[in-house]
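Structure assessment
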Amino acid sequence: MSDSLIVACPHCHSRNRVPAARLGDAPTCGRCGAHLRPDTPFALDAGGFDAHAVRADAALLVDFWAPWCGPCRTMAPAFEAAARALAPEVALAKVDTEAEAVLGGRLGIRSIPTLVLFAGGRELARQSGAMPAQAIVQWTRAQLQAASPVRPNR
Ligand SMILES: [Zn+2]
(Lines give C-alpha, C1' and ligand atoms only; values in the text may rest on other atoms or scores of the structure.)
Protein backbone atom coordinates (compact mmCIF):
# COMPACT_ATOMS: atom_id res chain seq x y z
CA MET A 1 0.00 0.00 0.00
CA SER A 2 1.46 3.30 -1.06
CA ASP A 3 0.86 5.61 1.85
CA SER A 4 3.65 8.12 1.48
CA LEU A 5 3.90 11.15 -0.76
CA ILE A 6 6.74 13.01 -2.40
CA VAL A 7 6.37 16.61 -1.25
CA ALA A 8 8.60 19.39 -2.60
CA CYS A 9 9.78 22.09 -0.21
CA PRO A 10 8.36 25.57 -0.97
CA HIS A 11 11.63 27.13 0.19
CA CYS A 12 14.50 25.02 -1.25
CA HIS A 13 12.51 22.74 -3.64
CA SER A 14 14.05 19.58 -2.14
CA ARG A 15 11.83 16.55 -2.43
CA ASN A 16 10.78 14.98 0.86
CA ARG A 17 8.98 11.69 1.44
CA VAL A 18 6.11 12.20 3.89
CA PRO A 19 3.64 9.55 5.12
CA ALA A 20 0.23 10.62 3.84
CA ALA A 21 -1.18 10.39 7.36
CA ARG A 22 1.44 12.87 8.61
CA LEU A 23 0.70 15.58 6.05
CA GLY A 24 -1.39 17.44 8.63
CA ASP A 25 1.30 17.31 11.33
CA ALA A 26 3.21 20.35 10.02
CA PRO A 27 5.97 18.32 8.33
CA THR A 28 9.23 20.19 7.75
CA CYS A 29 11.88 19.92 5.06
CA GLY A 30 14.73 17.53 5.86
CA ARG A 31 17.18 19.87 4.17
CA CYS A 32 16.24 23.41 5.18
CA GLY A 33 13.63 22.96 7.92
CA ALA A 34 10.92 25.01 6.17
CA HIS A 35 7.29 23.97 6.53
CA LEU A 36 6.39 21.66 3.64
CA ARG A 37 2.66 22.43 3.62
CA PRO A 38 2.25 26.13 4.44
CA ASP A 39 -1.28 27.54 4.53
CA THR A 40 -0.23 30.59 2.52
CA PRO A 41 0.54 30.69 -1.23
CA PHE A 42 4.21 30.66 -2.18
CA ALA A 43 5.88 32.06 -5.30
CA LEU A 44 7.08 29.54 -7.84
CA ASP A 45 9.49 30.19 -10.72
CA ALA A 46 10.68 28.07 -13.61
CA GLY A 47 13.60 26.73 -11.56
CA GLY A 48 11.38 25.22 -8.89
CA PHE A 49 8.28 24.44 -10.89
CA ASP A 50 8.98 20.85 -11.95
CA ALA A 51 10.01 19.81 -8.44
CA HIS A 52 6.50 20.67 -7.26
CA ALA A 53 4.30 19.98 -10.29
CA VAL A 54 6.00 17.09 -12.07
CA ARG A 55 8.41 15.34 -9.70
CA ALA A 56 6.13 15.36 -6.65
CA ASP A 57 2.92 13.52 -5.73
CA ALA A 58 1.25 15.95 -3.38
CA ALA A 59 -1.49 18.16 -4.78
CA LEU A 60 -0.49 21.61 -6.00
CA LEU A 61 -2.78 24.40 -7.17
CA VAL A 62 -1.00 27.07 -9.20
CA ASP A 63 -2.34 30.56 -9.88
CA PHE A 64 -0.86 31.91 -13.11
CA TRP A 65 -1.13 35.68 -12.76
CA ALA A 66 0.58 38.97 -13.60
CA PRO A 67 1.01 42.22 -11.67
CA TRP A 68 -0.75 44.28 -14.39
CA CYS A 69 -3.85 42.04 -14.39
CA GLY A 70 -6.74 43.60 -12.45
CA PRO A 71 -8.79 40.41 -12.03
CA CYS A 72 -5.62 38.64 -10.81
CA ARG A 73 -5.09 41.23 -8.09
CA THR A 74 -8.79 41.02 -7.19
CA MET A 75 -8.53 37.24 -6.81
CA ALA A 76 -5.35 37.32 -4.68
CA PRO A 77 -7.14 37.52 -1.29
CA ALA A 78 -9.50 34.73 -2.38
CA PHE A 79 -6.51 32.58 -3.33
CA GLU A 80 -4.97 33.23 0.10
CA ALA A 81 -8.22 32.24 1.80
CA ALA A 82 -8.39 29.10 -0.34
CA ALA A 83 -4.84 28.22 0.74
CA ARG A 84 -5.94 28.24 4.38
CA ALA A 85 -8.96 26.06 3.57
CA LEU A 86 -7.10 23.54 1.40
CA ALA A 87 -3.96 23.06 3.54
CA PRO A 88 -2.36 20.66 4.16
CA GLU A 89 -3.83 18.44 1.43
CA VAL A 90 -3.17 20.98 -1.31
CA ALA A 91 -0.32 23.49 -1.53
CA LEU A 92 -1.05 26.74 -3.34
CA ALA A 93 1.55 28.52 -5.44
CA LYS A 94 1.67 31.57 -7.67
CA VAL A 95 3.52 31.94 -10.96
CA ASP A 96 4.06 35.50 -12.21
CA THR A 97 3.62 35.03 -15.95
CA GLU A 98 5.27 38.38 -16.67
CA ALA A 99 8.51 37.29 -14.97
CA GLU A 100 8.10 33.65 -16.06
CA ALA A 101 6.86 34.03 -19.64
CA VAL A 102 8.66 30.90 -20.84
CA LEU A 103 7.02 28.78 -18.16
CA GLY A 104 3.60 30.24 -18.95
CA GLY A 105 4.18 29.45 -22.62
CA ARG A 106 5.27 25.91 -21.85
CA LEU A 107 2.06 25.33 -19.90
CA GLY A 108 -0.01 26.93 -22.66
CA ILE A 109 -1.40 29.67 -20.42
CA ARG A 110 -3.40 31.92 -22.76
CA SER A 111 -5.34 34.05 -20.32
CA ILE A 112 -4.91 35.05 -16.72
CA PRO A 113 -5.78 34.38 -14.07
CA THR A 114 -5.67 30.65 -14.81
CA LEU A 115 -5.63 28.02 -12.07
CA VAL A 116 -3.92 24.72 -12.84
CA LEU A 117 -4.22 21.77 -10.47
CA PHE A 118 -1.46 19.16 -10.33
CA ALA A 119 -1.37 15.88 -8.40
CA GLY A 120 0.61 12.69 -8.81
CA GLY A 121 3.04 14.50 -11.09
CA ARG A 122 0.52 15.45 -13.75
CA GLU A 123 -2.00 18.14 -14.56
CA LEU A 124 -5.51 17.21 -13.44
CA ALA A 125 -7.45 20.26 -14.51
CA ARG A 126 -7.33 23.96 -15.27
CA GLN A 127 -9.77 26.82 -15.00
CA SER A 128 -9.48 30.36 -16.33
CA GLY A 129 -11.06 33.45 -14.83
CA ALA A 130 -11.18 34.93 -11.35
CA MET A 131 -13.10 32.93 -8.74
CA PRO A 132 -14.15 33.66 -5.14
CA ALA A 133 -12.44 31.64 -2.40
CA GLN A 134 -15.28 29.16 -1.89
CA ALA A 135 -15.42 28.40 -5.63
CA ILE A 136 -11.66 27.80 -5.73
CA VAL A 137 -11.94 25.39 -2.81
CA GLN A 138 -14.95 23.53 -4.22
CA TRP A 139 -13.49 23.29 -7.73
CA THR A 140 -10.19 21.95 -6.36
CA ARG A 141 -11.84 19.35 -4.10
CA ALA A 142 -14.13 18.22 -6.91
CA GLN A 143 -11.22 17.71 -9.32
CA LEU A 144 -9.19 15.77 -6.73
CA GLN A 145 -12.17 13.58 -5.90
CA ALA A 146 -12.85 12.88 -9.56
CA ALA A 147 -9.20 11.91 -10.11
CA SER A 148 -8.84 9.76 -7.01
CA PRO A 149 -8.43 6.05 -7.74
CA VAL A 150 -10.01 5.25 -4.37
CA ARG A 151 -13.70 5.97 -4.38
CA PRO A 152 -15.90 5.81 -1.28
CA ASN A 153 -18.24 2.85 -0.99
CA ARG A 154 -21.85 3.74 -1.25
ZN1 LIG B 1 13.60 22.90 2.13
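Computed from a prediction, not measured in an experiment: that's the story for all the values here.

Turning our eyes to something else, we now look at helix H4 (residues 133-147). Between the first and last C-alpha of H4 there are 21 Å, a value that for 15 residues agrees with the 21 Å anticipated at 1.5 Å per step. Inspection of H4 places Ile136, Val137, Trp139, Thr140 and Leu144 among the buried residues, and these make up the whole buried set. Projected onto a plane normal to the axis of H4, the buried residues spread over an arc of 165 degrees and lie on a single side. Away from the buried face of H4 by more than 90 degrees, exposed residues Gln134 and Gln145 are located. Along its buried surface, H4 packs onto strand S4 (59-65), helix H2 (70-86), strand S5 (90-96), strand S6 (114-119) and strand S7 (122-128).

With that out of the way, let us pick up helix H1 (residues 46-53). Residues Gly48, Phe49, Ala51, His52 and Ala53 constitute the buried set of H1. The opening residue of H1 is Asp45, an N-cap whose side-chain oxygen sits 3.1 Å from the backbone nitrogen of Gly47.

As a further point, take the packing of aromatic side chains. Enumeration according to the criterion identifies two aromatic pairs in this entry. The interplanar angle of 55 degrees and the centroid separation of 6.4 Å between the aromatic rings of Phe49 and Phe64 together place this pair among those described as tilted. With Phe49 in helix H1 and Phe64 in strand S4, this residue pair connects regions lying 15 residues apart in the sequence. Given a relative accessible area of 1%, Phe49 falls into the buried group. With a centroid separation of 5.6 Å and 85 degrees between ring planes, the pair formed by Phe49 and Phe118 is classed as edge-to-face. Taken together, the residues Phe49 in helix H1 and Phe118 in strand S6 connect sequence positions 69 residues apart. For the pair Phe49 and Phe118, one class covers both residues: buried. Through successive ring pairs, a cluster of aromatic residues spans Phe49, Phe64 and Phe118.

Turning our attention to the coordination of the zinc ion. Here the zinc ion is held by Cys9 (SG), Cys12 (SG), Cys29 (SG) and Cys32 (SG), and the distances to it run 2.3 Å. One can describe the site at the zinc ion as tetrahedral: its four donor atoms subtend angles covering 103 to 115 degrees at the metal. The sequence pattern describing where the donors of the zinc ion fall on their chain is C-x2-C-x16-C-x2-C.

So, about unusual backbone geometry. Backbone torsion omega between Ala87 and Pro88 reads 0 degrees, so that peptide bond is classified as cis. The topology assignment puts Pro88 in the loop between H2 and S5. Geometrically, the link from Ile112 to Pro113 is a cis peptide bond, its omega value of 0 degrees lying close to zero. Locating Pro113 in the fold gives a position in the loop between helix H3 (101-106) and S6. One non-glycine residue with positive phi stands out, namely His13, at about 70 degrees. Along the chain, His13 turns up in the loop between strand S1 (4-8) and strand S2 (15-19). In the Ramachandran plot, Ala26 falls in the positive-phi region, its phi being about 50 degrees despite a non-glycine side chain. Within the secondary structure, Ala26 is located in the loop between S2 and strand S3 (42-43). What makes Ala26 partly exposed here is its relative accessible area of 46%.

Cut-offs used in this document
Residues numbered from 1 in each chain as written. Predicted model: local features only at pLDDT ≥ 70, side-chain atom pairs only at ≥ 80, totals over all residues. Heavy atoms only, no water. Helix = DSSP H or I, 4+ residues; strand = E, 2+ residues; numbered from the N terminus. Expected span 1.5 Å × (residues − 1). Buried < 20%, exposed > 50% of the residue type's maximum accessible area, 1.4 Å probe, protein only. Arc of directions from axis to C-beta. Contact = heavy atoms within 4.5 Å. Polar contact = N/O pair within 3.5 Å; in protein donor to acceptor, adjacent residues only side chain to side chain. Phe/Tyr/Trp six-rings, centres within 6.5 Å; stacked < 30°, edge-to-face > 60°. Donors = N, O, S within 2.8 Å, 3.2 Å for Na, K, Ca; no water. Tetrahedral: all angles 85-135°; square planar, octahedral: opposite > 155°, others 65-115°.

Any link to function would need more than the numbers given here.
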